[in-house]
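Understanding the architecture of this molecule
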Amino acid sequence: MPKSNNSEKFYKLRMEYPFLAFEGFDYQYSEKGLRAQFHFSLSNKYVFHPTLTVPAKDFFVAENINDAFLENILFNIGMVESISYWKVACPPKLFVYGHSLSKEQIAWWKKLYYHGLGEFLYLNEIEVNPDDFIQIEAEQGHEFTPFSLQLDHKAIVPVGGGKDSVVTLEILGNDNGNIPLILNPREASKGTVMKMGLYYDSIVEVQRTIDPVLLELNAKGFLNGHTPFSALLAFVSVLAAGLSGKKYIALSNESSANESTVKESEINHQYSKSIEFEKDLRYYIQKFISGDIEYFSFLRPLNELQIARLFSGFPKYFDVFKSCNVGSKTDIWCGNCAKCLFTYIILSPFVAQEKLESIFGKNLLKDINLWPILQQLSGMTDSKPFDCIGTIDEVNVSLQMILKIIPEAGLPELLQRYKESEFYFKYRDYDFGDLLGGFNANHFLPKEFEKKLRLEFNV
C-alpha cells in the first residue's frame, strides 16, 4: 500500500461514524466442531458478522470444551477482530457490550490498537495522540476469570508455510504429540505439514471469514491498511491449545522482528511478532485467560540468517514453502516483491543459485528492476519495505557473504550495483560471526524447548 495523505478523511469519518460497537458473539459446538460468529456495528449504519470455524478432531480434549473456556477465548478473538472493522472509519469510541473489561485490560487493548495500527497510521499520514486515538467503553456484564485446563506438555505450532515454521516443526518433531495449527489453509501451509507426514486428522485447522461489507467499504474509499494479523493468530492459537490440550504455543517469530520498519520510530510492520507484544500477550493470557498456557516464540533466540542456515538443511521443503503475500492465492513466488527478494538474498549464502532459481523461477539478483527494493532492504532509504523481512544488518551481511561466493566476473546486476554503494564499504569488514554464532536466550523459552534448539544450533 503506497503512502497517501488521508488525514482529512480520517477526521471526517470519525465525525460521521462516532463509534464501533462490539455487540457480542454466538457459537455452537457440535460433533462437526466449533462455529462462532461475531457481531459489530459501525454507528448503526453498517453491520459486520465475521465467522470462525474449527472442524472437530479426535484428539480434542472434551473436558476443556466448555462454556467458560469458549466464551472467554472467543470474546478475546472478537476484540482482535474488531480492529479490522474499526479501522475503516477509526471512530473515537469502541463500545463493548455484554462483557466487562478492567482498566488494565482496556489499557492493554488500547496499546494493541495503537501500535498494531502503526503502519496503518504512517501510510495514511495520520497523526494522532495515542491517548485520543481510541476510547474503549465496556458496560458492566460478564466478567471472565482465569481457569484451569487439562493440558499435556506438548505444543501447538502455528504453520504459515514459510521457512520459519518449517524449522520449528522439524526441530520439535511431529511424532511426540506436537500439533500444527493452520489458520485459513493455503497450498504452502498444507504442503508443509504433508511433507512432515501429517494430514487433515493430525492438525488443527481454523477457517476465518471476513464480512464482505468490509470489502465493499474498502472499495468505496473508506480507510484501509495493515492490521496486526499475528495478534489474531495468537488468540486463535490459545483456542487451539485449549481444544487440543496443549500447554505450549510455540511461535516461529525471530529476533529480527523487533527492528522498526521506519528508522528512528516505533513503527513496525511486525509489531505483533515482536518481543514486546509477546511479553504483553503472555501476561494477558496468564492473568485473564489461563495460567496453564505458555505462549512463546521458539525461534526468538535466532535471527533470519541463522534460521535460513537451518532451513537450508531441510531441502524436502524447497518445492512447497512460500511466504510471498502477492502470490499467496496462486501458490507462487511473484518474484517482484520485497518478500521474494529478501528470501532469495537470505538463502543465497546457504543454497546454490541454481536451486534458488528453480524455486523462484528466475535469478532475482539479475533483475535490475528490483534495485529500489534492494535499497530499502539494505537501509539506503528512510524505511524498510512493510513486510515480514529481516534487519538491515542481516541483509547487508547476506549480500557480503554472497559476494564472497560468486566470482567477480559473473556478478549479477543487483550485486554489481550494491558493490558500488557506500553500504558495501560499510559492511565489507563486518564480522559474520556476530550474526551467525550468537544465541540470545534473554526471553521466556521453556527449558526443554531451549535444549532442543541449542542442540540443533550446536550451542
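Residues numbered from 1 in each chain as written. Predicted model: local features only at pLDDT ≥ 70, side-chain atom pairs only at ≥ 80, totals over all residues. Heavy atoms only, no water.

Re unusual backbone geometry
The condition is simple: Working definition: helices are DSSP H or I runs of at least four residues, strands are E runs of at least two. Numbering for both runs from the N terminus.
One non-glycine residue, Cys90, lies in positive phi territory at about 50°. By the element assignment, Cys90 lies in the loop between α2 (67–86) and β5 (93–96). Phi at Asn184 takes a positive value of approximately 50°, unusual for a residue other than glycine. By the secondary structure assignment, Asn184 is in the loop between β8 (179–183) and α7 (187–195).

Here's the deal with the packing of aromatic side chains
Quick reminder of the rule: Two aromatic rings from Phe, Tyr or Trp, using only the six-membered ring of Trp, form a pair when their centres are within 6.5 Å; if the ring planes differ by under 30 degrees the pair is stacked, by over 60 it is edge-to-face, and anything between is tilted. Any residue under 20% of the maximum accessible area for its type is buried, any over 50% is exposed, and the rest in between are partly exposed; the area is computed with a 1.4 Å probe on protein chains only. Two limits define a charge over a ring: the Lys NZ or Arg CZ must be within 6 Å of the ring centre, and within 35 degrees of the ring normal.
Applying the stated criterion across every chain yields a total of 42 aromatic pairs. Here Trp333 and Phe360 contribute two aromatic rings whose centre-to-centre distance is 4.5 Å and whose plane-to-plane angle is 45°, an arrangement assigned as tilted. With a gap of 27 residues between them, Trp333 in the loop between α11 (304–311) and α12 (338–347) and Phe360 in helix α13 (residues 353–360) connect regions that are remote in the sequence. Here the aromatic rings of Tyr344 and Phe360 are separated by 5.3 Å at their centres, their planes lie at 65°, and the arrangement is edge-to-face. With a gap of 16 residues between them, Tyr344 in helix α12 and Phe360 in helix α13 connect regions that are remote in the sequence. What makes Phe360 buried here is its relative accessible area of 5%. Each member of the aromatic cluster is reached from another via a ring pair, and the members are Trp108, Trp109, Phe235, Tyr271, Phe277, Tyr284 and Phe288. Above the ring of Phe444, the side-chain terminus of Arg282 is found at 3.7 Å from the ring centroid.

A few points about the layout of surface pockets
Rolled over the atoms, a probe sized like a water molecule indicates the empty space that remains. We count it as follows: For each structure, a 1 Å grid was placed over the protein atoms alone; sets of points admitting a 1.4 Å probe that cannot get out are labelled cavities, open sets with protein on both sides within 12 Å along at least five of seven lines are labelled pockets, and lining residues have an atom within 4 Å of a point. Grid points are joined across faces, edges and corners, and a volume is the space filled by probe spheres set on the points.
Estimated volume of the second largest pocket: approximately 290 Å³. If you go around the second largest pocket, the residues you meet are Tyr114, His115, Gly118, Leu121, Tyr122, Glu125, Ile126, Glu127, Val128, Glu266 and Ile267. Listed by contribution, the elements that provide at least two residues to the lining of the second largest pocket are α3 (103–116) and α4 (118–123). A per-element tally of the lining of the second largest pocket places α4 first, with 3 residues.

Things to note about the pattern of salt bridges
For clarity, the threshold we go by: A pairing counts as a salt bridge when a side-chain nitrogen of Lys or Arg comes within 4 Å of a carboxyl oxygen of Asp or Glu.
Tallying each qualifying case throughout the model produces 17 salt bridges. For Lys195, the salt bridge goes to Asp319, with nearest N and O atoms at 3.7 Å. Placement of Lys195 in helix α7 and of Asp319 in the loop between α11 and α12 is noted, with a sequence separation of 124 residues between them. Overall, the relative accessible area of 31% leaves Lys195 in the partly exposed class. By relative accessible area, Asp319 is classed as exposed at 52%. Put simply, Lys384 and Glu259 hold a salt bridge, and the shortest N to O gap is 2.9 Å. With Lys384 in the loop between α14 (371–377) and α15 (392–405) and Glu259 in the loop between β10 (246–251) and α10 (275–288), this residue pair connects regions lying 125 residues apart in the sequence. Classification of Lys384 as buried rests on a relative accessible area of 3%. A single salt-bridge network, built from bridges that share partners, covers Lys111, Glu276 and Asp280.

Brief notes about empty space enclosed by the protein
Applying the stated criterion across every chain, the model contains 1 cavity of 30 Å³ or more. Approximately 70 Å³ is the volume attributed to the largest cavity. Sorting the residues of the lining of the largest cavity by element identifies α2 and α9 (229–244) as the ones contributing at least two each. Ranked by the residues each element gives to the lining of the largest cavity, the list is headed by α2, at 4 residues.

What about the packing of α12 against α13?
We count it as follows: Each axis is a line fitted through C-alpha atoms, and for a helix only the stretch in contact is used; angles between axes span 0 to 180 degrees, taken between their N-to-C directions. Small angles under 35 degrees read as roughly parallel and large ones over 145 as roughly antiparallel, with 65 to 115 read as roughly perpendicular and the rest as oblique. Handedness of each helix crossing follows the sense of rotation of the near helix against the far helix: counterclockwise by less than a right angle gives left-handed, clockwise gives right-handed. Residues count as neighbours in contact if any of their non-hydrogen atoms are within 4.5 Å of one another. Residue polarity is assigned by list, with Asp, Glu, Lys and Arg as charged and Ala, Val, Leu, Ile, Met, Phe, Trp, Tyr, Cys and Pro as nonpolar; anything else, Gly included, falls into the polar class.
Look at α12 against α13: their axes get within 11 Å of each other, and the N-to-C directions meet at 160°. In terms of orientation, α12 lies roughly antiparallel with respect to α13. The way α12 lies across α13 gives a crossing that is right-handed. Contacts between α12 and α13 involve Cys340, Thr343, Tyr344 and Leu347 from the first element and Gln353, Leu356, Glu357 and Phe360 from the second. Its residues assigned to classes, the contact of α12 with α13 shows 5 nonpolar, 2 polar and 1 charged.

Regarding the state of the cysteines
Cut-off, in case you're wondering: A pair of sulfur atoms, both from cysteines and within 2.5 Å, is called a disulfide here.
As enumerated under the stated definition, the model contains 0 disulfides in all. Cys340 takes part in no disulfide bond, and the closest cysteine sulfur, belonging to Cys337, lies 3.6 Å away. Residue Cys340 is classed as buried on the basis of its relative accessible area, which comes to 0%.

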